[in-house]
2 protein chains.
Amino acid sequence: MAEHVDIVEVGPRDGFQGIGPFIPTERKIDFLRRLYATGLRRIEIGSIVSPAALPQLADTPDLLAACADLPGIVPQILVPTEKHGLKALQAGSDFLAFVLSVSESHNRNNVRRAPMDSAAEYGRLCAAMPEGADMRLNIATAFDCPFDGRVAEDDVIALLDVLVPMRPGAEVCLCDTTGRAAPDHVMSLFRRAMARYPQVTRWALHAHDTYGLGLANVHAAWLCGIRVFDASFAGLGGCPFAPGATGNVATEDLVWMFDRMGVHSGIDLGALVPVACDGAVIPGGLSGGRVRAALTAKG
Amino acid sequence: MAEHVDIVEVGPRDGFQGIGPFIPTERKIDFLRRLYATGLRRIEIGSIVSPAALPQLADTPDLLAACADLPGIVPQILVPTEKHGLKALQAGSDFLAFVLSVSESHNRNNVRRAPMDSAAEYGRLCAAMPEGADMRLNIATAFDCPFDGRVAEDDVIALLDVLVPMRPGAEVCLCDTTGRAAPDHVMSLFRRAMARYPQVTRWALHAHDTYGLGLANVHAAWLCGIRVFDASFAGLGGCPFAPGATGNVATEDLVWMFDRMGVHSGIDLGALVPVACDGAVIPGGLSGGRVRAALTAKG
């Protein structure tokens, strides 16, 4: 029987959040429906944060409401604090992705808190989660920090030592925030963490492709046994203020690779490519990835 | 002591060959000198073929002559037949790269011969090699053929069974001609071939990045013990007739990855990036790679 991989589409959150011109809510819902129609089921539809910080994501509750028409969809919502997590639960979310950074400067830049303060908030949020709701823990700057450079594995482990026992059932996602992790680093950290926390049964990688290492890192993590990967259609997620600094690994590139490996993702590449082509031309967006261009050039 | 990787710069051959407008010889020699100055030593400077087939490479003997000023350079010349190999030797080359395809349709398309006929030519050329000259054997379509799709491992092995004994000291390079090899395929074929031919001590991978898998495949091969990789500065090597179908994995992306892994390539990335930026704007060329854009956007 073919092996299976879970691809989490984060385009509507990580892909859209840096785009300046507001994408009309109906357009977002249309993308959501078309992504769903390709077979994608886990989709990070947005974030509950201060609308002043991320105005693009202010309509996340509308996207959540639209999910009612999409049977089997697992919409996850990113939250960076306890307060926003509680708000997301009130809005009806039952799958939160709590994000905090290993790097103190990055965490302070994002939420003006030390990582250990964010960890305490995560603990309180876990305690407040209703029965049946699910949690993913996003460890940002797990490999490298835009301010401080390479992050020591010991620092990641020290933070996980605090976080994991708060909710051992949570999915733990190591995030290569800058795209500067190399595959040997990915393998080394996953192997160490997986050996240390056997109680964690769901691990994930959030890879960026800024330096072209997205698929290399995904494959490296795959070799370690990782079976959940974040990706963004059209590779959306670049920073509009750094031209050429493309962002998330492209969903269609991941699907292509796993298709070629005979690994089942449940996603129809032929259906996904047109959606990705439309995503690549969203005004203000920065796209990435290779497969879209290669397939459409030859099609 | 840090591990070492050998990066073979194939831009002046594989990168330039598909470019329509003739690049003036002096400009090619300037690129050659600048690539050498970054620390690159193994450089595929061109090909001896029919000038009618590849007019862009008609000045390869001039590039070979220019190497006399570059101490320690190892210029290799690609040859597709015995006749062209003998010509290259006469022109003073002491490092040939003989290419043939596993796929019959691809080999016939390239040289109008069956693979076994090309193998016989390789054998005669090996016998004619002078003392001290070196040979690399390029196995094109080792994973996938543009005409026939996936190439069976058994077919590669059957061809190598004939070729390897002809010159066990030759470096054997498996070429992902279409860029459609996935990393599991790369690992599987290298492991099988390396186990079967212990007498071959130098293996190499020629990766293309058309579908974004270039670095993933290089890292996969690295894990198998491969320590020689082809790459093209600026990722040159796309087919001008298939827009978006970018070509060779970019040298600067490879250097970036190995730098991040702490693996010594002897190549100065800071010196290479400006050369790659100039390569990317050669009229008629198609560039690829990520690192160039990422580093210059932030620089």
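Cut-off values and rules
Residues numbered from 1 in each chain as written. Chains lettered and ligands numbered in written order. Predicted model: local features only at pLDDT ≥ 70, side-chain atom pairs only at ≥ 80, totals over all residues. Heavy atoms only, no water. Contact = heavy atoms within 4.5 Å. Buried area = accessible area lost by both parts, 1.4 Å probe. Salt bridge = Lys/Arg side-chain N within 4 Å of Asp/Glu carboxyl O. Helix = DSSP H or I, 4+ residues; strand = E, 2+ residues; numbered from the N terminus. Buried < 20%, exposed > 50% of the residue type's maximum accessible area, 1.4 Å probe, protein only. Right-handed = clockwise from strand over helix to strand, strands pointing away. Pairing = 2+ DSSP bridges.

Student: Explain the interface of chain B and chain A to me, please; I cannot follow it from the model alone.
Tutor: How big an interface is tends to be stated in terms of the accessible area lost upon association of its parts. The interface is formed by 35 residues belonging to chain B together with 35 residues belonging to chain A. The contact between chain B and chain A buries some 3,000 Å² in all, and 60% of this surface belongs to carbon and sulfur atoms. Together, B:Y211, B:R260 and B:R290 form the three largest contributors to the area buried by chain B at its contact with chain A, with a combined 26%. Counting across the interface, chain B meets chain A through four salt bridges. Between A:R290 and B:D209 there is a salt bridge, with the nearest N and O atoms lying 3.4 Å from each other.

Student: Sorry, what's going on with the pattern of salt bridges here?
Tutor: Two side chains of opposite charge can pair, provided their charged atoms sit close to one another. One pass over the full model with this rule turns up 40 salt bridges over all chains. Where B:R13 meets B:E44, a salt bridge forms, and the shortest distance between an N and an O atom there is 2.5 Å. A residue pair is termed long-range when its members are at least 10 positions apart, and B:R13 in helix α1 (residues 11-15) and B:E44 in strand β2 (residues 42-47) qualify at 31 residues. By the burial criterion, B:R13 is buried, and B:E44 matches it. Members of the salt-bridge network, linked through shared partners, are A:R42, A:R136, A:E171 and A:D230.

Student: How should the pairing of strand β3 (residues 74-79) of chain A be read in this particular structure?
Tutor: Looking along a regular strand, one sees side chains alternate from face to face of the sheet. Residue and element names in this part refer to chain A. Burial of β3 is extensive: five of the six residues sit out of reach of the surface. Crossover handedness for the path strand β2 (residues 42-47) to helix α3 (residues 60-66) to β3: right-handed. Here three bridges tie β3 to strand β4 (residues 95-101), and the two strands are oriented parallel to one another. Bridged to V79 within β4 is F98. This β-α-β element, β3 to helix α4 (residues 82-90) to β4, shows right-handed connectivity.

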